[in-house]
Amino acid sequence: MSNETIIQPLQGPLQGTAQVPGDKSISHRAVLFSAMAEGTSHLSGVLDSEDVRSSIAAVTQLGATVDLAPGKDGSLAGTVSGWGIAGPTQPDVPIDCGNSGTTARLLMGMLAPWPIQVTLTGDDSLRRRPMRRNTAPLMKMGVQFKPAEADHLPITEVGTSDLRAIDYDAPMASAQLKTAVLLAGVYAHGTTTLHEPAPSRNHTELMLPEYGVPTTAGTRMAEVSGPAVMHACDLRVPGDASSAAFLVAAALLKQGSSIRVEGVSLNPARIGFVRTLERMGAHITEHIEGHEGKEPYGTIEVAYTASLHGCEVPSQHFASILDEVPVLALVAAHARGVTVFKGVGELRAKETDRVRAIMDGLEKLGVDVWEEGENLYIEGDPSLCAPAGLAFNSEGDHRIAMTWALVGLCGTEPVTVRGFDAVAVSYPTFLADIESLVRS
Ligand code: S3P
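Residues numbered from 1 in each chain as written. Predicted model: local features only at pLDDT ≥ 70, side-chain atom pairs only at ≥ 80, totals over all residues. Heavy atoms only, no water.

Asker: Tell me about the nonpolar core, and name the residues and values.
Answerer: Residues F273, F341, L362 and L406 are the most contacted members of the largest nonpolar core, which totals 78 residues. Non-local contacts of L362, meaning those with residues more than four positions away in its chain, are made with A329, L330, A333, V367, V369, I378 and W404. (Core = buried A, V, L, I, M, F, W, Y, C linked by side-chain atoms within 4.5 Å. Buried < 20%, exposed > 50% of the residue type's maximum accessible area, 1.4 Å probe, protein only. Contact = heavy atoms within 4.5 Å.)

Asker: Residues and numbers for helix 8 (residues 241-253), please.
Answerer: The terminal C-alpha atoms of helix 8 lie 18 Å apart, and with 13 residues this matches the ideal 18 Å at 1.5 Å per residue to within 8%. Burial of helix 8 is extensive: 13 of the 13 residues sit out of reach of the surface. (Helix = DSSP H or I, 4+ residues; strand = E, 2+ residues; numbered from the N terminus. Expected span 1.5 Å × (residues − 1).)

Asker: Can you lay out the sheet that holds strand 10 (residues 167-169) for me, pointing to particular residues and giving the numbers?
Answerer: Pairing is mixed across the open sheet formed by four strands, whose spatial order is 10-11-13-12. Here the strands that pair on one side only, and so sit at the sheet edges, are strand 10 and strand 12 (215-217). Strand-to-strand twist in this sheet, taken as the mean axis angle between neighbours without regard to direction, amounts to 15 degrees. Taken strand by strand, helix 6 (residues 175-185) contacts strand 10, strand 11 (190-195) and strand 13 (221-226), and its axis lies near 20 degrees from that of strand 13. (Pairing = 2+ DSSP bridges. Axes fitted to C-alpha atoms, helices over the stretch in contact; angles between N-to-C directions.)

Asker: Lay out the pairing of strand 16 (residues 283-292) in plain terms, naming residues and giving numbers.
Answerer: Here strand 16 pairs with strand 17 (residues 295-303) via nine bridges, running antiparallel. Counted as the bridge partner of E286 is I300 from strand 17.

Asker: Go over the pairing of strand 5 (residues 76-81), please, and point to the residues and values.
Answerer: By the bridge criterion, five bridges tie strand 3 (residues 40-46) to strand 5 in an arrangement that is antiparallel. Considered in strand 5, the bridge of L43 is made with G78. Connecting strand 4 (residues 65-70) to the antiparallel partner strand 5 that follows it, the hairpin turn spans five residues, and G74 within it adopts a positive phi of roughly 90 degrees.

Asker: For the sheet that holds strand 4, give the residues involved together with the corresponding values.
Answerer: Pairing is mixed across the open sheet formed by four strands, whose spatial order is 4-5-3-14. Looking at strand neighbours, the two that pair on one side only are strand 4 and strand 14 (234-236), the edges of this open sheet. Strand-to-strand twist across the sheet, computed as the mean angle between neighbouring axes with direction ignored, equals 10 degrees. Of the pairings in the sheet, the one linking strand 4 to strand 5 comprises six bridges and is antiparallel in character. Bridged to A69 within strand 5 is A77. Across the face of the sheet, helix 1 (residues 24-36) comes into contact with strand 3, strand 4, strand 5 and strand 14 while running at roughly 170 degrees to strand 3.

Asker: Describe the packing of helix 1 against helix 3 (residues 101-111), listing the residues and the values that go with them.
Answerer: Relative orientation of the contacting elements helix 1 and helix 3 amounts to 30 degrees, with a least axis distance of 11 Å. Relative to helix 3, helix 1 is oriented roughly parallel. Considering only the axes of helix 1 and helix 3, their crossing is right-handed. On helix 3, the residues touching K24, H28, R29, L32 and M36 of helix 1 are T102, T103, L106 and M110. Here the residues of the contact of helix 1 with helix 3 sort into four nonpolar, three polar and two charged. (Parallel < 35°, antiparallel > 145°, perpendicular 65-115°, else oblique. Left-handed = near helix turned anticlockwise from the far one by under 90°. Nonpolar A, V, L, I, M, F, W, Y, C, P; charged D, E, K, R; others polar.)

Asker: Just give me the short version of the pattern of salt bridges, but keep the residues and values in it.
Answerer: For the coordinates displayed, the defined rule picks out 25 salt bridges. Put simply, D23 and R270 hold a salt bridge, and the shortest N to O gap is 2.8 Å. A residue pair is termed long-range when its members are at least 10 positions apart, and D23 in the loop between strand 2 (15-19) and helix 1 and R270 in the loop between strand 15 (258-265) and helix 9 (272-279) qualify at 247 residues. Residue classification places D23 among the buried positions, given a relative accessible area of 0%. Judged by its relative accessible area of 1%, R270 falls in the buried class. Taken together, the shared-partner salt bridges in this structure form one network comprising R129, R201, D323, E351, R354, D397 and R399. (Salt bridge = Lys/Arg side-chain N within 4 Å of Asp/Glu carboxyl O.)

Asker: Tell me what's going on with the site of the ligand, and back it up with residues and numbers.
Answerer: In the vicinity of the ligand, the contacting residues are S25, R29, T102, S174, A175, Q176, R201, L322, D323 and K350. Contact between the ligand and S174: an oxygen atom at 2.6 Å from a side-chain N or O atom of the residue. Interatomic distance of 2.7 Å between a side-chain N/O atom of D323 and an oxygen atom of the ligand. In isolation the ligand has 390 Å² of accessible area, and contact with the protein removes 97% of it. Counting only elements with at least two residues in the shell around the ligand, the list comes to helix 1 and helix 6. In terms of domain composition, the shell around the ligand takes at least three residues from each of domain 1 (4-21 + 238-435) and domain 2 (24-236). (Near = heavy atom within 4 Å. Polar contact = N/O pair within 3.5 Å; in protein donor to acceptor, adjacent residues only side chain to side chain. Areas by Shrake-Rupley, 256 points an atom, 1.4 Å probe, with all protein chains shown as cover. Domains from an automatic or database assignment.)

Asker: Provide a residue-level description of the domain arrangement of the protein, including the pertinent values.
Answerer: Quoted interface sizes are often the accessible area lost when the parts come together. Once the domains are mapped, the protein shows domain 1 (4-21 + 238-435) and domain 2 (24-236). Each of domain 1 and domain 2 has a C-alpha centre, and the two are 28 Å apart. Contact with domain 1, which involves 24 residues of that partner, is made by 23 residues of domain 2. Carbon and sulfur atoms supply 49% of the area buried between domain 1 and domain 2, which totals about 2,200 Å² over both sides. At the junction of domain 1 with domain 2, the criterion picks out three salt bridges. (Buried area = accessible area lost by both parts, 1.4 Å probe.)

In structure tokens form, the structure reads like this:
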């Protein structure tokens, strides 16, 4: 990711209506759960991005038949025929999960019930990310990992047809960890329960029943009883709230803007950024219009707000803004007073160390930003204006690339973003979508 992209200022305010591509978390699950299921699932609205392509390639290598093709709206639609009760086939070569933590960590749970040997690997960024959080509970269920103590890919997994159900206290709120344990739990004898310190996104609990597997979900626990058989289902993926957050932030930062983002997931576990922006005084509302399965979706409306002010974001809200902290930090840099994001330590384990990446980028903008323990402080300034000639580095992280691109798009001077092509991981049409809101 060494390319340099010069991002030019938008020529006017953002106006009109946008749709964002399919939700990344739900798209991964739709592909992966369909691959596990007995029968043929019909999917639409699936995000066509590098990360989701990693999941598609992985399940194909394991014997599922994926026939998904891009439609007119750019999303993938078609069928996935799963391995069902026959199980996945032993792949000849390691599975390369690319940049995708969700692919790697969910696969660990999916492979747990099958006595085959599979090596998982990924790109440089993914090979630096912690994996013990997933292997530890799966080992308690009877799965073997080689090397047993490994925290980093490549890791080889050998599953077992004799999985033990567990009652597990997760050390951190992580939907990828929770999902891996629940997916293994589908095949274990008895009830598998996972408790988490704060509620992580709940797509797995909402989607497994669509595949014929009932789940019990509390605020900080989820449970599944096995062994159960997953059956194919029909599913449409709503738009990605995390992608919508970038359009929303652009509208808030570009004077005169007023936009609607339609067809976007409004799952409360994913729209913590709307709550945070409300606390900053933003003109923003959301309306639920329907459900895809159990996932609520609808419209977010937002308008440029001149009088944003800093706020405190308590650590119990962190899981619901996990992927949005970088872009919220940029908005906070334009708000009057101090914003504190509490309990953000997990951001260090993302595609890059996002705490450091946020601090480095904001410092280039001349913003006062500091950390105390696990808390990130930003002293905002409504008159903040990026100087000419700024260059940022995405560090291969899609959300960091889009955050610094907004500095150029919403400011008055072009900025350079090195490694901008990382946006292909979650939002390949990011620039085109923002620019189309200016022309419409
Ligand atoms: C995801 C969970 C989150 C999030 C990631 C996608 C998922 O990570 O950051 O982008 O689809 O389950 P955690 O496992 O830390 O919750």
